[in-house]
Amino acid sequence: MDPRQTTDWAQVILLWVIGLFAAAQFGKVSLAFDALSQVYDRPEAVLALVVSSVGVAGIFLGAIAGMGAGRFGPRPVLLSALIAGGGLSILQGLLPAFPLLLGLRVLEGVAHLSIVVAAPVLMVRISTPQDQPMVMALWASFFGVSFALTALILPGLIELGGLGGVWMLHGLGFWCLAALVWRMVDRIGPSPAPWPGFIAAHRAIYSDPRRLAPALGFFWHTLIFVALLTFLAPFVAGGLPDSVVASVLPLAALGGTFLAGWLARRFPPIEVLRLSYITTITTMILLVIVPDLARPWVAFLAFVSIGVAPGAGFAAIPALNTEPVAQAEANGALAQLGNVGTSTGSPIFALAMGAAGLNGLVAAAVILTAIGFVSMLWISRRVAHS
């Protein structure tokens, strides 16, 4: 396919907004946990399943979703996901019995996965090669921006319409976005490539270094990012309130994500990923060396560095894969490994923190990031010979 001469920024912004609504499939529950507990009288550990159940689909079906978006076309997959996601959110807004709610959330996870696989493929196809790194950095910011906006507006919306009303509004928003996609977003035809079996699909994606490299880079980021956001702030607050540090850390990471877009226009995204790992290791080690009052500022720098990784990882998808099918499959692998990393990172860091406090958190981050750096050296050599 010939590269575009101009970027369709209206479509890019629409698809990014769709990403914000997709991330809100998590935020509308995790940031409304108190309201959820008032509706459903269950232990917190059980209520937490309402949050985590959305990620189940990504762990088991990420690669398959990538295959589907490539073979059926990203636009129909996105439209189907928006329509289904809207209906599921409206049904949740009826506040059904708890087991039914969990089932609806698992199905909503399939819709979420389809959105985050299909939307970035469309964003790449409507962007010029020069703009693709910045477009992918914008997409990589969708989760952080969505959580920040959701945290800002959700309390007021719950006060006005209750938890059920918020979930219904979210569903209606999805349907409005589906109508805009139908009118605005370019069509990309389905691929004639045959549909492989479940095992063959995973083997095809994970044996190809160009499709695997972005996902591998993103995996090590997700393994440490959410865990450090959860546990780090009280140890590095210095003279600042814990809440201030906790709110600035994700903003610093967003800054790093946009920095990655700028860097990826000048350097290969895989090199930017390796730079992120090196600076992350350096700043994390500094956390246990500098005086207590300097720790929050070093932590902010560390999160800028950590935030570079997702921007570079998404930018690596079009840089290494030129065809829509390959890009969709690379996005599927990235979603799959990202969900695995998010799900497994926090327990690892909780054990490390329990054993050695800040030193344990830093040791876990340094060791995992160092392994990630070595893995990127390995995959870079495979890409060079592919």
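Residues numbered from 1 in each chain as written. Predicted model: local features only at pLDDT ≥ 70, side-chain atom pairs only at ≥ 80, totals over all residues. Heavy atoms only, no water.

Before going further, it helps to spend a moment on helix α6 (residues 132-140). Across the nine residues that make up α6, a large majority, eight, are buried. Turning to α6, its buried residues number three or more, namely Q132, P133, V135, M136, A137, L138, W139 and A140. Lining the buried residues of α6 we find α1 (9-30), α5 (98-125), α7 (142-184), α11 (242-264) and α13 (295-320). (Buried < 20%, exposed > 50% of the residue type's maximum accessible area, 1.4 Å probe, protein only. Helix = DSSP H or I, 4+ residues; strand = E, 2+ residues; numbered from the N terminus. Contact = heavy atoms within 4.5 Å.)

Turning our attention to the nonpolar core. The biggest cluster of nonpolar side chains holds 108 residues, and the ones touching the most others in it are L15, I18, L78, L82, L228, F303 and F349. In terms of residue count, helix α14 (residues 324-384) provides more of this core than any other element does, 18 residues in total. Residues in contact with L15, not counting those within four places in the same chain, are L78, A119, L122, M123, I126, W139 and V185. (Core = buried A, V, L, I, M, F, W, Y, C linked by side-chain atoms within 4.5 Å.)

If a probe as big as a water molecule is rolled over the atoms, it shows which places are left empty. In this structure, the largest pocket spans a volume of roughly 1500 Å³. Around the largest pocket, the lining comprises 48 residues; the ones closest to its centre are F143, F147, F225, V226 and T342. When contributions to the lining of the largest pocket are tallied by element, the ones reaching two or more residues are α1, α3 (44-72), α5, α7, α9 (209-231), α11, α13 and α14. Looking at the lining of the largest pocket, its residues break down into 28 nonpolar, 20 polar and no charged. In this structure, the second largest pocket spans a volume of roughly 330 Å³. Lining the second largest pocket are 14 residues, with F21, A24, T150, I153 and H170 positioned closest to its centre. Residue assignment for the lining of the second largest pocket shows that the elements contributing at least two residues are α1 and α7. Ranked by residues supplied to the lining of the second largest pocket, first place goes to α7 with nine residues. The class makeup of the residues in the lining of the second largest pocket is 10 nonpolar, three polar and one charged. (1 Å grid on protein atoms, 1.4 Å probe; cavity = no way out; pocket = protein on both sides within 12 Å on 5 of 7 lines; lining within 4 Å. Points joined across faces, edges and corners; volume = space filled by probe spheres on them. Nonpolar A, V, L, I, M, F, W, Y, C, P; charged D, E, K, R; others polar.)

Spanning 19 residues, helix α12 (residues 269-287) covers 27 Å between terminal C-alpha atoms, matching the ideal 27 Å at 1.5 Å per step. Within the sequence span of α12, burial applies to P269, I270, V272, L273, R274, S276, Y277, T280, I281, T283, M284 and L287. Along its buried surface, α12 packs onto α9, α10 (233-236), α11, α13 and α14. (Expected span 1.5 Å × (residues − 1).)

Here we take up the packing of α5 against α7. At a closest axis distance of 18 Å, the pairing of α5 and α7 adopts a crossing angle of 140°. With respect to their mutual orientation, α5 and α7 come out oblique. Handedness of the α5/α7 crossing: right-handed. When α5 is examined against α7, the residues L101, E108, H112, I115 and V116 are found in contact with a partner set consisting of F142, F143, W167, H170 and F174. Broken down by class, the residue content of the contact of α5 with α7 amounts to seven nonpolar, two polar and one charged. (Axes fitted to C-alpha atoms, helices over the stretch in contact; angles between N-to-C directions. Parallel < 35°, antiparallel > 145°, perpendicular 65-115°, else oblique. Left-handed = near helix turned anticlockwise from the far one by under 90°.)

Okay, the pattern of salt bridges next. Opposite charge on two side chains permits them to pair, given that their charged atoms come into close proximity. Counted under the stated rule, the structure contains six salt bridges. Measuring nitrogen to oxygen at the nearest pair gives 2.1 Å for the salt bridge that ties E329 to R211. Of this pair, E329 sits in helix α14 while R211 sits in helix α9, placing them 118 residues apart in sequence. Sharing partners across several salt bridges, the network here consists of K28, R105 and E108. (Salt bridge = Lys/Arg side-chain N within 4 Å of Asp/Glu carboxyl O.)

With respect to the secondary-structure elements, S127 resides in the loop between α5 and α6. A relative accessible area of 2% means that S127 is categorised as buried. At 2.5 Å, the side chain of S127 forms a polar contact with the backbone oxygen of M123. (Polar contact = N/O pair within 3.5 Å; in protein donor to acceptor, adjacent residues only side chain to side chain.)

On to the side chain of D131, then. Mapping D131 onto the fold places it in the loop between α5 and α6. A distance of 2.7 Å separates polar atoms of two side chains, one belonging to D131 and the other to T7. Ignoring any residue separated from it by four or fewer positions in sequence, one finds D131 in contact with T7, W9 and R265.

With that settled, consider empty space enclosed by the protein. In this structure the tally under the stated criterion is one cavity of 30 Å³ or more. Lining the largest cavity, in full, are W220, H221, I224, S276, Y277, T280, I306, A309 and T369. At the level of elements, α9, α12 and α13 are the ones that each hand at least two residues to the lining of the largest cavity. Of the residues belonging to the lining of the largest cavity, the class tally is five nonpolar, four polar and no charged.

A word on the packing of aromatic side chains. For the structure on display, the rule yields nine aromatic pairs. Where F21 meets F174, the ring centres are 6.0 Å apart and the plane angle is 55°; that geometry is what we call tilted. With F21 in helix α1 and F174 in helix α7, this pair connects stretches of sequence that are 153 residues apart. In textbook terms, an aromatic cluster arises when at least three aromatic residues are bridged by ring pairs, as seen for F26, W139, F142 and F143. (Phe/Tyr/Trp six-rings, centres within 6.5 Å; stacked < 30°, edge-to-face > 60°.)

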